[in-house]
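# Descriptive structure summary
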Amino acid sequence: MKYASEEQGGPAAEQTAGPDASAPEQAERRAVGAGHPAAPHDEQQGTRNKVARSILDHGPSTAAELALRLELTQAAVRRHLDALAAEGVVEPREKRVYGTRGRGRPARAFALTDCGRDAFDQAYDQLATDALRWIAQSAGGGEKGEAAVAAFARARLAAQAEGYRKEVEAAEPEARTEALAKALTADGYAATARSAPNPQLGEQLCQHHCPVAHVAEQYPQLCEAETEVFSRLLGTHVQRLATIAHGDGVCTTFVPKAGAGKAAHRTPRTTKTTTASASTAGRNPA
């Protein structure tokens, strides 16, 4: 690790810090010398969080600016910036100069990356919910509003499904659920395919993560549109047994085995065969 040198501990470490070392920095080194490695690690992480937060609040910043704001030495700030850069949280940029540029090498300013921004609180779920609410209200509310949201969900999923179609169609019929699971995993759904409790009837497509779960709690049309897409991609009727948005641990979709006939529709723990939100009432099968 690039900052391992500040964990060496002992009197020598304090001496190399110099008289201008900050109190928190000296405390970290004394804790290491006292044989408490967990304390400096926690403090270092806390300081790094403060460095990242300061960049979030004030924009791209140089090590000197951060040191002044956080009352740390520039050497300590640079170590934390090196660690944050290695983690992909910040990235160096040439500091923008307004007016006449002086001689010498321009100072480097550090800015948050997209990954770094994502580590802080976001309002994407609220934005999506507000947008869907506006769509529903603009359509007149009630059934018309629900239909408008459903139309949006289908359009969104249809575009997303085009990226999965090639993967699914390239697979053998018996391997298409697995191919769809891999395509979903690449999009962040952490999906797997496994045998149903009765393997003769079919298999289950399980999504262990749902990026839109919080929004789908209020707008189940998102889940319904997804189920319809799965059905089209796999070329068979499918049934949603459970969803994360409905409070289940995993989104589970039953995919009947080819040639299983009507028996394939008699899936465990539920008698509903529609793709409406009511079909999500069943808990995830063990």
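As a reminder, the structure under discussion sits directly above these lines.
So, a few notes on the structure that sits alongside this text. (Residues numbered from 1 in each chain as written. Predicted model: local features only at pLDDT ≥ 70, side-chain atom pairs only at ≥ 80, totals over all residues. Heavy atoms only, no water.)

## So, the environment of Gln207
To be explicit about the condition: We count a stretch as a helix when DSSP gives it H or I for four or more residues in a row; a strand needs E for two or more, and each element gets its number in order from the N terminus. With a 1.4 Å probe rolled over the protein chains alone, any residue whose accessible area is under 20% of its type maximum counts as buried; one over 50% counts as exposed, and the rest are partly exposed. Should any heavy atoms of two residues lie within 4.5 Å, those residues are counted as being in contact. Polar contact is the term for a pair of N or O atoms within 3.5 Å; when the atoms are in protein, one must be able to donate a hydrogen and the other to accept it, and sequence-neighboring residues count only if both atoms are side-chain atoms.
Inspection of the secondary structure puts Gln207 in strand S4 (residues 202-207). Gln207 gets classed as buried once you look at its relative accessible area, which sits at 1%. With 14 residues separating them in the primary sequence, Gln207 and Ala193 have C-alpha atoms 8.9 Å apart. Non-local contacts of Gln207, meaning those with residues more than four positions away in its chain, are made with Leu184, Tyr189, Ala190, Ala191, Glu226, Phe230, Arg240, Ile244, Val250, Cys251 and Thr253. In terms of polar contacts, Gln207 uses its side chain to reach the side chain of Glu226, at 3.3 Å.

## Re the packing of helix H8 (residues 142-170) against helix H9 (residues 176-186)
Let me state the cut-off plainly: Note on geometry: axes are C-alpha line fits, over the in-contact stretch for helices, and angles between N-to-C directions span 0 to 180 degrees. Here the word oblique covers every angle except those under 35 degrees (roughly parallel), over 145 (roughly antiparallel) and from 65 to 115 (roughly perpendicular). Handedness of a crossing follows from how the near helix is turned relative to the far one, being left-handed for an anticlockwise turn of less than a right angle and right-handed for a clockwise one. Basically, the charged four are Asp, Glu, Lys and Arg, the nonpolar ten are Ala, Val, Leu, Ile, Met, Phe, Trp, Tyr, Cys and Pro, and anything else, Gly included, counts as polar.
Close contact between H8 and H9 brings their axes to 8 Å; oriented N to C, the two are set at 150 degrees. With respect to H9, the axis of H8 lies roughly antiparallel. Crossing hand, H8 versus H9: right-handed. Two secondary-structure elements touch here, H8 through Tyr164, Glu167, Val168 and Glu169 and H9 through Arg176, Ala179, Leu180, Ala183 and Leu184. Here the residues of the contact of H8 with H9 sort into six nonpolar, no polar and three charged.

## Thoughts on the pattern of salt bridges
Definition in use: Every case where a carboxyl oxygen of Asp or Glu lies within 4 Å of a side-chain nitrogen of Lys or Arg is listed as a salt bridge.
Applying the stated rule across the entire model yields seven salt bridges. One salt bridge in this structure joins Glu228 and Arg154, with 3.1 Å as the shortest N-O distance. One end of the pair, Glu228, is in helix H11 (residues 221-234); the other, Arg154, is in helix H8, and 74 residues separate them in sequence. Arg240 is the partner of Glu226 in a salt bridge, and the nearest nitrogen-oxygen pair spans 2.9 Å. Of this pair, Glu226 sits in helix H11 while Arg240 sits in strand S5 (residues 239-242), and the two are 14 residues apart along the sequence. With respect to burial, Glu226 and Arg240 carry one shared label: buried.

## Looking at the pairing of strand S6 (residues 251-256)
For clarity, the threshold we go by: Strand pairing is assigned whenever DSSP identifies at least 2 bridges connecting the two strands.
Burial within S6 is extensive, with six of its six residues counted as buried. Burial along S6 is two-sided: Cys251, Thr253 and Val255 and Thr252, Phe254 and Pro256, pointing in opposite directions, are all buried. Where S4 and S6 come together, six bridges link them in antiparallel fashion. For Gln207, the partnering residue across the bridge sits in S6 and is Cys251.

## Some words on unusual backbone geometry
The backbone of Glu71 sits at a positive phi, close to 60 degrees, despite the residue not being glycine. For Glu71, the location among the structural elements is in the loop between helix H4 (63-70) and helix H5 (74-86). In this structure, Ala190 takes a positive phi of about 50 degrees despite not being glycine. Along the chain, Ala190 turns up in the loop between H9 and strand S3 (191-195).

The values reported here are purely geometric and, on their own, carry no functional implication.
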